[in-house]
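Results of the structural survey
As a plain string of letters, each chain reads:
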Amino acid sequence: MRRLPRASHRLRSWTAQPCCQRFLDCALRARTDAFLRICADSPLIDPALVDQVIALHATGNADLTTNTQQRTFPKGQSVEIVRTAALADALQKMQDVADQEHVTRYLYRHPDQYRIQNFASDEPFGEVQLSVDTQADFDAIAAILQQAGDQITWRQAATLRLANNEWAKRETVA
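Residues numbered from 1 in each chain as written. Predicted model: local features only at pLDDT ≥ 70, side-chain atom pairs only at ≥ 80, totals over all residues. Heavy atoms only, no water.

Let us now look at the environment of Ala120. Tracing the backbone through its elements, the reader meets Ala120 in the loop between β4 (116–118) and α7 (135–148). Assessed through its relative accessible area of 42%, Ala120 is described here as partly exposed. Each C-alpha atom of the pair Ala120 and Arg71 lies 7.5 Å from the other, and the pair is 49 residues apart in sequence. Sequence-distant contacts of Ala120, that is, excluding residues within four places in its chain, are made with Thr72 and Phe73. (Helix = DSSP H or I, 4+ residues; strand = E, 2+ residues; numbered from the N terminus. Buried < 20%, exposed > 50% of the residue type's maximum accessible area, 1.4 Å probe, protein only. Contact = heavy atoms within 4.5 Å.)

For the rest of this paragraph, the subject is the sheet that holds strand β2 (residues 64–66). Strand order across the open sheet formed by four strands is β1-β3-β2-β4, with mixed pairing between neighbours. Among the strands making up the open sheet, the edge pair consists of β1 (34–37) and β4. If you compare each strand with its neighbour and ignore which way they point, the axes differ by 15 degrees on average. Sitting on the sheet, helix α3 (residues 47–59) touches β1, β2, β3 (80–83) and β4, and the angle it makes with β3 is about 30 degrees. Helix α4 (residues 84–93) contacts β1 and β3 of the sheet and is inclined by roughly 75 degrees relative to β3. (Pairing = 2+ DSSP bridges. Axes fitted to C-alpha atoms, helices over the stretch in contact; angles between N-to-C directions.)

For the structure shown, the criterion picks out five aromatic pairs. Look at Phe23 and Phe35: their rings are 5.5 Å apart centre to centre, the planes differ by 35 degrees, and that puts the pair in the tilted class. A residue pair is termed long-range when its members are at least 10 positions apart, and Phe23 in helix α2 (residues 19–30) and Phe35 in strand β1 qualify at twelve residues. Residue Phe23 is classed as partly exposed on the basis of its relative accessible area of 27%. Plain terms: the ring middles of Phe125 and Trp154 are 5.3 Å apart, the flat faces sit at 85 degrees to each other, and that makes the pair edge-to-face. Of this pair, Phe125 sits in the loop between β4 and α7 while Trp154 sits in helix α8 (residues 154–163), placing them 29 residues apart in sequence. Accessibility expressed as a relative area gives 7% for Phe125, which makes it buried. Assessed through its relative accessible area of 6%, Trp154 is described here as buried. Through a chain of ring-to-ring contacts, three or more aromatic side chains come together here, namely Phe73, Phe119, Phe125 and Trp154. (Phe/Tyr/Trp six-rings, centres within 6.5 Å; stacked < 30°, edge-to-face > 60°.)

On to the state of the cysteines. For the structure shown, the criterion picks out zero disulfides. As a non-bridged cysteine, Cys20 has Cys19 as the owner of its nearest cysteine sulfur, 6.2 Å distant. The class of Cys20 is buried, set by a relative accessible area of 0%. (Disulfide = S-S within 2.5 Å.)

What the rule picks out here adds up to nine salt bridges. Across the pair Glu80 and Arg37 runs a salt bridge whose closest N-O atoms are separated by 2.5 Å. Residue Glu80 is found in strand β3, and its partner Arg37 is found in strand β1; the two are separated by 43 residues along the sequence. Of the charged contacts, one joins Asp63 and Arg115 as a salt bridge, the two residues approaching to 3.3 Å between their closest N and O atoms. You can see Asp63 sitting in the loop between α3 and β2 and its partner Arg115 sitting in the loop between α6 (105–109) and β4, a full 52 residues away along the chain. (Salt bridge = Lys/Arg side-chain N within 4 Å of Asp/Glu carboxyl O.)

Following this line, the structure appears as structure tokens:
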């Protein structure tokens with residue numbers, strides 16, 4: 001049996017840490033004041049939307065700048081910018097394992113302790129599903145990309161998803 005190199009052992013022990021700790025470790029290692037969080041199930045994330053949230057965060061002093069506190073953007077267009085110091089503070093206070101596994105959950109649950117700045121859409125698209133959680137979601141995203149190409153805005157994608165009744169509502173999983 002082949003022995004794993006030492007670096008693989010460090011990686012394995014690192015991934016055993018709670019998700020929040022891994023995010024904090026990366027931010028500290030990068031020596032960054034804040035970091036951008038986008039979930040991997042968001043293949044249609046709109047770079048212009050990301051730029052808007054970055055610009056908003058740069059103009060304020062929020063601990064968390066987000067477009068998810070009040071969901072007005074489609075699922076799959078979630079953007080969060082977290083101040084590293086705020087996550088470090090929150091991590092010291094976290095008792096619930098679920099908080100430790102969901103990077104920003106504790107911040108949202110304690111708005112009296114953290115400055116949260118929400119960025120809202122001018123139209124309510126919060127129920128539109130543009131993330132990939134099921135095979136039906138994957139098929140809908142593939143159909144959107146086939147119809148519109150890969151240079152699509154979040155609004156165009158949401159409009160296409162709503163225009164096709166088979167894609168409009170997320171499949172309910174029992």
